[in-house]
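Structure at a glance
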Amino acid sequence: MKYLSTRGQIENIPFKQAVMMGLAEDGGLLLPDEIPRLTIGDLDMLSKLAYPELAFHVMSYFIRDIPAADLKDIIDRSYASFDHPDVTPVVKHDDLFILELFHGPTLAFKDVALQFLGNLFEYLLAESGDKMNILGATSGDTGSAAIYGVRGKQNINIFILHPHNKVSKVQELQMTTVTDANVFNLAIQGTFDDGQRIVKEAFNDLAFKKKYALGAINSINWARVLAQIVYYFYAWSQVRKQTGQERICFSVPTGNFGDIFAGYVAKRMGLPIDKLILATNENNILTRFVNEGDYSIGEVHPTLSPSMDIQLASNFERYLYYLYGQDSSKVSRAFSDFSRSGKMEFTATEKQQVANDFLSTTVSDEQTVATIENFHARTGYVLDPHTAVGVHAAQTLDLSGVPVVCLATAHPAKFADAVNQAIGQNPQRPACLEGLEQRSKRCELIAADTGKIKDFVAAHAL
Ligand SMILES: *Cc1c(COP(=O)(O)O)cnc(C)c1O
């Protein structure tokens, strides 16, 4: 098992190198050179496992260069930080199954991947004797999950830029109350876009990047996708046990296409997934792609589900590689055309293929609020606005009676304002947020200036 680039311009590399490379050096994304195909016997075996063991088996199909005992240990430590014994429990309300992915330390599904990635980075750096300085910009969820993934870890420092006073209070406090010596919160006097631009400029300074061993933690790292494949298997087993049905659908609130791409890989591995429902908010480039074959740049609109407010989906290229029959030159051409024209077009056959894999719909803020309200009134269960986007899609699309699992990507307490708007009360706060306001904080207010931020990193880097 080796890893290739969707642009086809690098030698295939082993898993460990793929993790450290992040983005492929030819500008593409890394993918396994072969997706293992499981038998129904394999699926039966996997169905019997507790989450950490399941994670070990599923990941082992893709990792050949880490000894089993070490991988087991990394996985066990990663999921011990979750506050539910099932790690990602499945609950049923109305006729929907809800896969709760928010039991990690920052209450969002990104913990499932970033708890694992933090431990994996630490393990690989100890082995190679290298150091890493992670630099990233966040609009909220990714930053706190990344910080919790690497806090206190050896040989890693992390610098996370967030726009000052422009993330939710809970999100801000989740980041700034982490006072470990290796964590640097930078509140920039600017917007999220400024943060992204600064990070990009720092990474484009190749001498700077090399000197300070800059690392990224964004959603294009293959190890993140890999960790997310596991819960599709887990949910499938739970639903099959309860319903006796083999084929199920998943509804996935989607932004950068990382979460739903993991489901697509699970499907290619032979997990009997009928349809993947790609649910978007008003930032609906991916819904236009699925329903009309139109992938074209739009403007970012702020919504009640901010973690899905994207313009371009960074993991989309991985799907395109398969849609194009694993033809990396076709992928490269599509992206160079795209950078000129701002759009991609698809043939009737390709559109048919997309329709075999996905259903999609766009959900407005109004519909999101109404879904939280109605679902609460009927079941007493409180959805966060991201999850509500997926639930609305599952309720409105025709799934011909196939059971559907909605991925719950955040705890409602993270988005209390939107929830309050819907049900007239604040959601219950889980224990990990107790006393958040009173904890000591560490954060640097800094100008949105690439030079100043590079100086800060240089002064505090490992
Ligand atoms: C990041 C995020 C998403 C979107 O996931 P992608 O992998 O980017 O599609 C959805 N909901 C929440 C709460 C998130 O944090």
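The structure presented is a predicted model; accordingly, all values stated were derived computationally and were not measured. As a convention, each chain's residues are numbered from 1 in the sequence order in which they are written. Side-chain atom pairs in this predicted model are given and counted only at pLDDT of 80 or more, local residue features only at pLDDT of at least 70, and totals for whole chains, interfaces and linings cover all residues. In computing side-chain properties, one takes all heavy atoms of the structure into account and sets aside hydrogens as well as water.

1. A closer look at the overall build of the chain
Helix and strand counts for the chain stand at 19 helices and 15 strands. With the radius of gyration taken over C-alpha atoms, the globule rule is written as 2.2 Å times the number of residues to the power 0.38. Whereas a compact globule of 462 residues would reach a radius of gyration of roughly 23 Å, the chain reaches 21 Å, a difference of no more than 12%. For the C-alpha atoms alone, the extent of the chain along its principal axes is close to 60 × 55 × 50 Å. Sequence separation of at least 24 residues holds for 74% of the intrachain contacts in the chain that already meet a minimum separation of 6. In short, Shrake-Rupley with a 1.4 Å probe defines the accessible areas, and a residue's cover is counted only from the protein chains shown. For the chain, the accessible surface area stands at approximately 18000 Å², while carbon and sulfur atoms represent 47% of it. For the chain, the distance from the average position of its 42 positive side-chain charges to the average position of its 53 negative side-chain charges is 3 Å. Each helix corresponds to a stretch of at least 4 residues labelled H or I by DSSP, and each strand to a stretch of at least 2 residues labelled E; elements are numbered beginning at the N terminus. Contacts are assigned to residue pairs with any non-hydrogen atoms lying within 4.5 Å of each other. Under this rule, positive means Lys or Arg and negative means Asp or Glu; His and the chain ends count for nothing. We put the charge of a Lys on NZ, of an Arg on CZ, of an Asp on CG and of a Glu on CD.

2. A closer look at the environment of Val382
As for its placement among the helices and strands, Val382 is situated in the loop between α16 (365-379) and α17 (385-396). Separated by 17 residues in the primary sequence, Val382 and Asp365 place their C-alpha atoms 16 Å from one another. Residues contacting Val382, with those up to four places away along its chain left out, are His376, Pro412, Val419, Ile423 and Pro427.

3. Considering helix α13 (residues 316-323)
Burial classes follow relative accessibility: with a 1.4 Å probe on protein chains only, a residue under 20% of its type's maximum area counts as buried, one over 50% as exposed, and anything between as partly exposed. When you tally the buried positions in α13, you get eight out of eight residues, the bulk of the element. The set of residues buried in α13 consists of Phe316, Glu317, Arg318, Tyr319, Leu320, Tyr321, Tyr322 and Leu323.

4. Remarks on the site of the ligand
Working definition: residue near molecule or strand if any one of its non-hydrogen atoms lies within 4 Å of it. Close to the ligand lie 15 residues; Lys110, Asp141, Gly255, Asn256 and Thr409 are nearest. Think of a polar contact as two N or O atoms within 3.5 Å of one another; within protein, one of them needs to be a possible hydrogen donor and the other a possible acceptor, and neighboring residues in sequence only count if both atoms come from side chains. In the environment of the ligand, an oxygen atom lies 2.9 Å from a nitrogen or oxygen atom belonging to the backbone of Asp259. In isolation the ligand exposes 380 Å². Once the protein is present, 97% of that is buried. Per-class residue counts for the shell around the ligand are five nonpolar, seven polar and three charged. Side-chain classes follow a simple rule in which Ala, Val, Leu, Ile, Met, Phe, Trp, Tyr, Cys and Pro form the nonpolar group, Asp, Glu, Lys and Arg form the charged group, and the remainder, Gly included, forms the polar group.

5. As for the packing of aromatic side chains
Each aromatic ring pair is specified by the distance between its two centres and by the angle formed by the two planes. Working definition: a ring pair exists when centres of Phe, Tyr or Trp rings (six-membered ring for Trp) sit within 6.5 Å. Plane angles under 30 degrees give stacked, over 60 give edge-to-face, the rest tilted. Throughout the structure, instances matching the rule amount to 32 aromatic pairs. Ring centres of Tyr51 and Tyr234 lie 5.5 Å apart, and the angle between their planes is 65°; this geometry places the pair in the edge-to-face category. With Tyr51 in helix α3 (residues 51-60) and Tyr234 in helix α10 (residues 222-243), this residue pair connects regions lying 183 residues apart in the sequence. Cation placement over rings: the criterion is NZ of Lys or CZ of Arg within 6 Å of the ring centroid and within 35° of the ring normal. We note Lys330 situated over the ring of Tyr324; from NZ or CZ to the ring centre the distance is 4.7 Å. A cation over an aromatic ring shows up here: Arg442 above the ring of Phe184, its NZ or CZ 5.2 Å from the ring centre.

6. Overview of the sheet that holds strand β6 (residues 156-163)
One open sheet accounts for five strands, arranged β8-β5-β6-β7-β15; its pairing is parallel. Edge positions in the open sheet fall to β8 (214-215) and β15 (444-447), since each of these has one partner strand only. Relative to β15, strand β7 (residues 183-189) runs parallel, the two sharing four bridges. Within the sheet, the bridge partner assigned to Ile188 lies in β15 and is Ile446. For helices, the fitted line uses only the C-alpha atoms of the stretch in contact; every axis is such a line through C-alpha atoms, and the angle between N-to-C directions lies from 0 to 180 degrees. The sheet strands contacting helix α7 (residues 169-176) are β6 and β7, and the helix crosses β6 at an angle near 155°. With respect to the sheet, helix α19 (residues 450-460) is in contact with β5 (132-137), β6, β7, β8 and β15, its orientation differing from that of β15 by roughly 140°. Strands are labelled as partners when DSSP assigns at least two bridges between them.

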